[in-house]
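# Working through the structure, step by step
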Amino acid sequence: MSSHPPPWSGHDQKTRLANLLLAAVPEEEYEGFRELLEAYPLRMRETLQEAEDPSDWVYFPTSGVISVLTVLDNGMMIEFATIGREGTTGVPAFLRTGLSNLAFISQLPGSSLRMRTKDFLAAIDRSPGFAAVIKLYAGTLLALVAQSAACNRAHHVDERCARWLLMVHDQTGGGAFPIPEEFLVQMLGVSRPAVELAVAALHEAGLIGYQKGVVTITDRLGLERAACECYAVVREQFRHLRD
């Protein structure tokens, strides 16, 4: 069971609106569980939930990125989804899956709102608008997972690296972001030399800057062209979610 430092106290309407899902909840329903949410900082590489641990908290990022990883018997962790301002870690709880081999790690620093899982499920049960929002997001996340599985099987590491960087860029709201090489190794599920070659290729093409573990997108359109088709598919899914 992972331990957590004391949370920040309170949150305002601006913080709530920074998360797409919470912003979509009808106001009268949101007021019914507003006091159950607390602001919580996302720290670099903090484990929010370990595999096989019960889910104590549900997080709604307002900035930063949480990675969803599957944990193998040998301890290797491979990412298959990222959660930013457009999502929540609450889908497994919503689906009542119980214990699983999933881990949640805050990979990029930022902020979030969180609530106890039991409070989240109680709010879902009494708030049909909130339940509808989470159900729609769950479908989007499952589509993302399916696309990621196909991508890992079918596409070159350079294309996958470009796709992943674009998704992080979207979820952080743009700007530079810290990405250590060992993090990319874990996220892409490939060797360090393969990651080094992929990053070097994108850098030499003038698509990204990479210095001291910090990535800057220097040619957004070019990076989209370098990414595999999966990026466009995933963004279309999230466009429907926003609509």
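Reference entry: report on the structure contained in this document. These numbers come from a predicted model, not from an experiment. (Residues numbered from 1 in each chain as written. Predicted model: local features only at pLDDT ≥ 70, side-chain atom pairs only at ≥ 80, totals over all residues. Heavy atoms only, no water.)

Quick look at empty space enclosed by the protein now. Summed over all chains, the structure comprises one cavity of 30 Å³ or more. The volume enclosed by the largest cavity comes to roughly 110 Å³. Residue lining of the largest cavity: 13 residues in total, with Glu-79, Phe-80, Ser-148, Arg-163 and Trp-164 positioned closest to the centre. Broken down by secondary-structure element, the contributors of at least two residues to the lining of the largest cavity are strand S4 (77–83), helix H6 (128–154), helix H7 (157–172) and helix H8 (181–188). Class assignment for the residues of the lining of the largest cavity results in seven nonpolar, three polar and three charged. (1 Å grid on protein atoms, 1.4 Å probe; cavity = no way out; pocket = protein on both sides within 12 Å on 5 of 7 lines; lining within 4 Å. Points joined across faces, edges and corners; volume = space filled by probe spheres on them. Helix = DSSP H or I, 4+ residues; strand = E, 2+ residues; numbered from the N terminus. Nonpolar A, V, L, I, M, F, W, Y, C, P; charged D, E, K, R; others polar.)

This next bit is on the pattern of salt bridges. What the rule picks out here adds up to nine salt bridges. Lys-118 is paired through a salt bridge with Asp-119; the nearest N and O atoms lie 3.5 Å apart. Take Lys-118: its relative accessible area is 61%, and that puts it in the exposed class. (Salt bridge = Lys/Arg side-chain N within 4 Å of Asp/Glu carboxyl O. Buried < 20%, exposed > 50% of the residue type's maximum accessible area, 1.4 Å probe, protein only.)

With that settled, the discussion passes to the packing of aromatic side chains. Summed over the entire model, instances satisfying the criterion amount to six aromatic pairs. Residues Phe-33 and Phe-130 carry aromatic rings whose centres are separated by 4.6 Å and whose planes lie at 20 degrees to one another, so their mutual orientation is stacked. Placement of the pair is Phe-33 in helix H3 (residues 27–33) and Phe-130 in helix H6, with a sequence separation of 97 residues. On the accessibility criterion, Phe-33 (0% relative accessible area) is buried. Connected via pairs of aromatic rings, a cluster forms that spans Tyr-30, Phe-33, Phe-60, Phe-120 and Phe-130. Cation over ring: Arg-16 sits above Tyr-30, and NZ or CZ is 4.0 Å from the ring centre. (Phe/Tyr/Trp six-rings, centres within 6.5 Å; stacked < 30°, edge-to-face > 60°. Lys NZ or Arg CZ within 6 Å of the ring centre and 35° of its normal.)

This is a description of form; function is not addressed.
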